[in-house]
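So the chains spell out like this:
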Amino acid sequence: MDISAIANRALKSAGEAVASEPNAAEKLAHLASGEMTAVNAIILERMGSPVPLIPKLAKYLVEAGGKRVRPLVTIAAANMIGYRGDAHLKLAAAVEFIHTATLLHDDVVDESDLRRGKKPANLVWGNAPSVLVGDFLFARAFMLMVDAGSMPALHSLSRASSIIAEGEVRQLAAKGDIAASIGSYMEIIEAKTAALFASAAEVSAIVADRPQNEITALDTYGRELGLAFQLVDDALDYGGLAKALGKNTGDDFREGKITLPVVIALQHGDEREKRFWSRVMTDGDQDDSDFDMAIELLDRHEALDATLDMAREKSRIAKRALDAFPDNEWKAALADLADFVVRRAS
């Protein structure tokens, strides 16, 4: 059986999807280029430290790539609502520092050998420096939040940071748990991914003193965008291209992460299939053919398609949340971003 063909039927090549459609993230980056230049300057300035290893390691990760989607959401939201201050620039930089810090910590926990197409920092400098520099970046993020001068914005991002940590611990505790439910999976990704997207979106409305309905609408947009983003990533891990993900395809499988495709396959599988999942995910007893078998089972139960259907629904909810705002180019760019997140796997 041609397992590659099975995977491609469930998930068309992510690389082809990106090439055939305008990249909304890059278009948004171009639209926000002036302010993102200022954000990047803040990031570089705040990475400074008299301890040489700190800026060296932080710069390695910051320069590793990524589209800066989360701070871009902060910038776009501020412009969409007509904010004229500069606090959103500091908050956007804080968002990126929080995200970067979580990546440093995640790589130590996950033991992956690829991050954004490069060796993760912990494989270059070691686990201890990565954890400690991650702590440094968290501290810098909180200094930026204070400098922005908004206690409500500080509350939003600090709460998101706490939720992210809880989500990561919850995911670690759920590793290899084949009894996981769709609900428990959604709670994990809402914490570890969607919470920061939600806060990144709403803080611009907070510092702009916009009404609560607009803050809530942006929270919904960011949260649903983050959920869609993670759902697509979890599906692509079983059929996408490594360069599209910035990590190795199959990392979730090898690490025993029970993501939605696996949960769905388990719910519909027979006892023989459940024994397979228990061996490879709970016991970590894997051989070279097991990943192909996993893809075959996911295809049998249409688990990847179901995961992507959920991602599309989350994207639609995110776009509907933007109805609270008048039409302008920034609103259109945020709506296009929600579409692009799911088009990566179309």
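Quick caveat, the model's predicted, so the values are computed rather than measured.

## Some details on helix α12 (residues 212-236)
- For α12, which comprises 25 residues, the first-to-last C-alpha distance of 36 Å matches the rise-based estimate of 36 Å (1.5 Å per residue) to within 8%.
- Along α12, 21 of the 25 residues are buried, which leaves the element largely enclosed by surrounding structure.

## A word on a negative patch on the surface
- Together, Asp-283, Asp-285, Asp-287 and Asp-288 give the surface a local cluster of negative charge.
- Mapped onto the elements, Asp-285 comes out in the loop between α16 (271-282) and α17 (290-300).

## Remarks on the packing of α12 against helix α18 (residues 303-321)
- Interaxial distance between α12 and α18 falls to 8 Å at its minimum, and their mutual angle equals 160 degrees. Our classification of the angle between α12 and α18 gives roughly antiparallel. For the element pair α12 and α18, the recorded crossing hand is left-handed. Across the interface between the two elements, Ala-217, Thr-220, Tyr-221, Glu-224, Leu-225, Leu-227, Ala-228, Leu-231, Val-232 and Ala-235 from α12 touch Leu-304, Thr-307, Leu-308, Met-310, Ala-311, Lys-314, Ser-315, Ile-317, Ala-318 and Ala-321 from α18.
- A class-by-class count of the residues in the contact of α12 with α18 yields 15 nonpolar, three polar and two charged.

## Let's talk about the packing of aromatic side chains
- The full count for this structure, using the stated rule, is five aromatic pairs.
- Ring geometry for Phe-197 and Phe-229: centres 5.6 Å apart, planes at 45 degrees, overall tilted. Of the two residues, Phe-197 is situated in helix α11 (residues 182-207) and Phe-229 in helix α12; the sequence distance between them amounts to 32 residues. Each member of the pair, Phe-197 as well as Phe-229, carries the same accessibility label: buried.
- Each residue in the set Tyr-238, Phe-253 and Phe-291 is aromatic and connected to the rest through ring pairs, giving one cluster.
- Cation over ring: Arg-70 sits above Phe-229, and NZ or CZ is 5.6 Å from the ring centre.
- A cation over a ring is seen here: Arg-344 above Phe-229, with NZ or CZ 4.7 Å from the ring centre.

## Structural notes on the side chain of Asp-234
- Within the fold, Asp-234 resides in helix α12.
- Apart from the residues within four sequence positions on either side, Asp-234 is in contact with Tyr-185, Ile-189, Asp-252, Thr-259 and Pro-261.

## What to know about the environment of Lys-27
- Relative to the helices and strands, Lys-27 is located in helix α3 (residues 24-31).
- Judged by relative accessible area, which is 49%, Lys-27 ranks as partly exposed.
- When the C-alpha positions of Lys-27 and Asp-336 are compared, they lie 9.3 Å apart, and in sequence the two are 309 residues distant.

## So, the confidence of the model for the protein
- The predicted model of the protein averages 87 in pLDDT, with 84% of residues at 70 or higher.
- Taken as a whole, residues 1-20 scores under 50 in pLDDT and shows 37 contacts with residues more than four places along the chain or in a different chain.
- Note on residues 241-245: pLDDT under 50 across the span, and eleven contacts to partners over four residues away in sequence or across chains.

## Points about the pattern of salt bridges
- For the structure shown, the criterion picks out 18 salt bridges.
- Note that Arg-210 and Glu-214 form a salt bridge whose closest N and O atoms lie 2.8 Å from each other.
- Overall, the relative accessible area of 9% leaves Glu-214 in the buried class.

## Some words on unusual backbone geometry
- We note that Asp-209 has phi near 55 degrees; this positive angle belongs to a residue other than glycine.
- Position of Asp-209 among the secondary structure elements: in the loop between α11 and α12.
- Located in the positive-phi region is Glu-302, a residue other than glycine, with phi close to 55 degrees.
- Assignment of secondary structure puts Glu-302 in the loop between α17 and α18.
- Accessibility expressed as a relative area gives 53% for Glu-302, which makes it exposed.

Conventions adopted
- Residues numbered from 1 in each chain as written.
- Predicted model: local features only at pLDDT ≥ 70, side-chain atom pairs only at ≥ 80, totals over all residues.
- Heavy atoms only, no water.
- Helix = DSSP H or I, 4+ residues; strand = E, 2+ residues; numbered from the N terminus.
- Expected span 1.5 Å × (residues − 1).
- Buried < 20%, exposed > 50% of the residue type's maximum accessible area, 1.4 Å probe, protein only.
- Patch = residues over 30% accessible without salt bridge, like charges linked within 9 Å, V, L, I, M, F, W, Y side chains within 5 Å.
- Areas by Shrake-Rupley, 256 points an atom, 1.4 Å probe, with all protein chains shown as cover.
- Salt bridge = Lys/Arg side-chain N within 4 Å of Asp/Glu carboxyl O.
- Lys, Arg positive; Asp, Glu negative; His and termini not counted.
- Charge placed at Lys NZ, Arg CZ, Asp CG, Glu CD.
- Axes fitted to C-alpha atoms, helices over the stretch in contact; angles between N-to-C directions.
- Parallel < 35°, antiparallel > 145°, perpendicular 65-115°, else oblique.
- Left-handed = near helix turned anticlockwise from the far one by under 90°.
- Contact = heavy atoms within 4.5 Å.
- Nonpolar A, V, L, I, M, F, W, Y, C, P; charged D, E, K, R; others polar.
- Phe/Tyr/Trp six-rings, centres within 6.5 Å; stacked < 30°, edge-to-face > 60°.
- Lys NZ or Arg CZ within 6 Å of the ring centre and 35° of its normal.
- pLDDT = per-residue confidence, 0-100.

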